[in-house]
Amino acid sequence: MKNLVLMAIVAISVVSCGPKSEKATAVDSHQFGISYDSTAQMDAITATFKDIEAYDTASYVTKYADTAVFHDNGKKTNLSENVSLQKQLIALGIKVKVKEDYAMWSNHFNFKDGTEGDFVYAYLTVTFTKGDKSVDVVMFQADAFNKEGKIIEEWMVYDQSEVAQLMK
């Protein structure tokens, strides 16, 4: 009887300590992306916020591919035009500050056509100040990245009417 108990203990130990072959689970055909709360792409977007606040256009452009496309409230522009707008704000004496309480997340997608994509999304409030007048503008921003970590496309949606008043 002792031998039988000893053999049972040995058998249980061997089975429970041995390598397990995990059965592959089926992937949901509707799932094609993963969300992250911290990525290098998110760090790049945060760095662009700091560049804009410091009016450091030289550093700002290093985060973007030369062929980057911007969709500023639906208006399609390029990197040069985007920097030109920043320089216009500088010339008008308008200071820009991104409030620290923004919401940001990142997604990596495996598209059904076999391509992949990395995107960063942010809801933020930006304060534009000229002299003693300030306006807070709520924005939504989405950025697409290439494999080299450069921003290749950016979409921004916001109410630009109050900023336009400051630019007069």
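Predicted model only: the values in this text are computed from it and were never measured.

Chemist: Just checking my understanding: could you explain the overall build of the protein for this structure?
Modeler: A count of helices and strands for the protein gives five helices and eight strands. Tracing the protein from N to C terminus, the helices and strands come up as α-β-α-α-β-β-α-β-β-β-β-β-α. The long-range fraction of contacts in the protein, counting pairs at least 24 apart against all pairs at least 6 apart in sequence, stands at 52%. Per element, the accessible surface of the protein, about 11000 Å² overall, is 59% carbon and sulfur.

Chemist: Would you mind showing me how to read the packing of aromatic side chains here?
Modeler: Inspection of the entire model under this criterion finds 10 aromatic pairs. Taking 5.7 Å as the distance between ring centres and 65 degrees as the angle between the ring planes, the aromatic pair formed by F109 and F119 counts as edge-to-face. Of this pair, F109 sits in strand β5 (residues 103–110) while F119 sits in strand β6 (residues 116–130), placing them 10 residues apart in sequence. Take F109: its relative accessible area is 14%, and that puts it in the buried class. Linked through ring pairs, W105, F109, F111, F119, Y121, Y123 and F140 together constitute an aromatic cluster.

Chemist: How do you make sense of helix α4 (residues 79–91) when you look at a structure like this?
Modeler: Side chains three or four residues apart in an α-helix point the same way, a direct result of the helix having 3.6 residues per turn. The end-to-end C-alpha separation of α4 is 18 Å, in line with the 18 Å expected for 13 residues at 1.5 Å each. Residues L79, N82, V83, Q86 and L89 constitute the buried set of α4. One side of α4 carries all its buried residues, which in axial view fall inside an arc of 110 degrees. Of the exposed residues in α4, the ones pointing more than 90 degrees away from its buried face are S80 and A91. Elements in contact with the buried residues of α4: α2 (40–54), α3 (57–61), β2 (64–72), β3 (75–78), β4 (95–98) and β6. Of the residues flanking the start of α4, the one acting as N-cap is N78, its side-chain oxygen 3.1 Å from the backbone nitrogen of S80. Of the residues one or two after α4, G93 is the one with positive phi, at around 75 degrees.

Chemist: Can you walk me through the layout of surface pockets in this structure?
Modeler: Unoccupied space between atoms shows up once a probe the size of one water molecule is rolled over them. Here the largest pocket is characterised by a volume of approximately 630 Å³. If you trace the largest pocket, you find 27 residues lining it, with D72, L85, L89, M156 and Y158 closest to the centre. Residues of the lining of the largest pocket, tallied by class, amount to 17 nonpolar, six polar and four charged.

Chemist: Mind showing me how you'd approach the side chain of D51 here?
Modeler: Here D51 is to be found in helix α2. Overall, D51 belongs to the buried group, its relative accessible area being 8%. When sequence neighbours within four positions are dropped, the list of residues in contact with D51 reads D56, S59, Y60 and K63.

Chemist: Would you mind going over α2 with me for this structure?
Modeler: With 15 residues, α2 extends 21 Å between its outermost C-alpha atoms, agreeing within 8% with the 21 Å of an ideal straight helix rising 1.5 Å per residue. Residues of α2 that are buried: Q41, M42, A44, I45, T48, F49, D51 and E53.

Chemist: Could you clarify how one ought to interpret the pattern of salt bridges in this entry?
Modeler: Pairing is possible between side chains that carry opposite charge, provided their charged atoms lie close to one another. Enumeration over the complete set of coordinates arrives at five salt bridges. Where K50 meets E100, a salt bridge forms, and the shortest distance between an N and an O atom there is 3.0 Å. Linking K50 in helix α2 with E100 in the loop between β4 and β5, this pair joins segments that are 50 residues apart in sequence. K99 is the salt-bridge partner of D136, the closest N and O atoms lying 2.9 Å from each other. With D136 in strand β7 (residues 133–145) and K99 in the loop between β4 and β5, this residue pair connects regions lying 37 residues apart in the sequence. For D136, a relative accessible area of 39% gives the class partly exposed. Three or more residues joined by partner-sharing salt bridges are found here, namely K50, E53, K97 and E100.

What counts as what
Residues numbered from 1 in each chain as written. Predicted model: local features only at pLDDT ≥ 70, side-chain atom pairs only at ≥ 80, totals over all residues. Heavy atoms only, no water. Helix = DSSP H or I, 4+ residues; strand = E, 2+ residues; numbered from the N terminus. Contact = heavy atoms within 4.5 Å. Areas by Shrake-Rupley, 256 points an atom, 1.4 Å probe, with all protein chains shown as cover. Phe/Tyr/Trp six-rings, centres within 6.5 Å; stacked < 30°, edge-to-face > 60°. Buried < 20%, exposed > 50% of the residue type's maximum accessible area, 1.4 Å probe, protein only. Expected span 1.5 Å × (residues − 1). Arc of directions from axis to C-beta. Polar contact = N/O pair within 3.5 Å; in protein donor to acceptor, adjacent residues only side chain to side chain. 1 Å grid on protein atoms, 1.4 Å probe; cavity = no way out; pocket = protein on both sides within 12 Å on 5 of 7 lines; lining within 4 Å. Points joined across faces, edges and corners; volume = space filled by probe spheres on them. Nonpolar A, V, L, I, M, F, W, Y, C, P; charged D, E, K, R; others polar. Salt bridge = Lys/Arg side-chain N within 4 Å of Asp/Glu carboxyl O.

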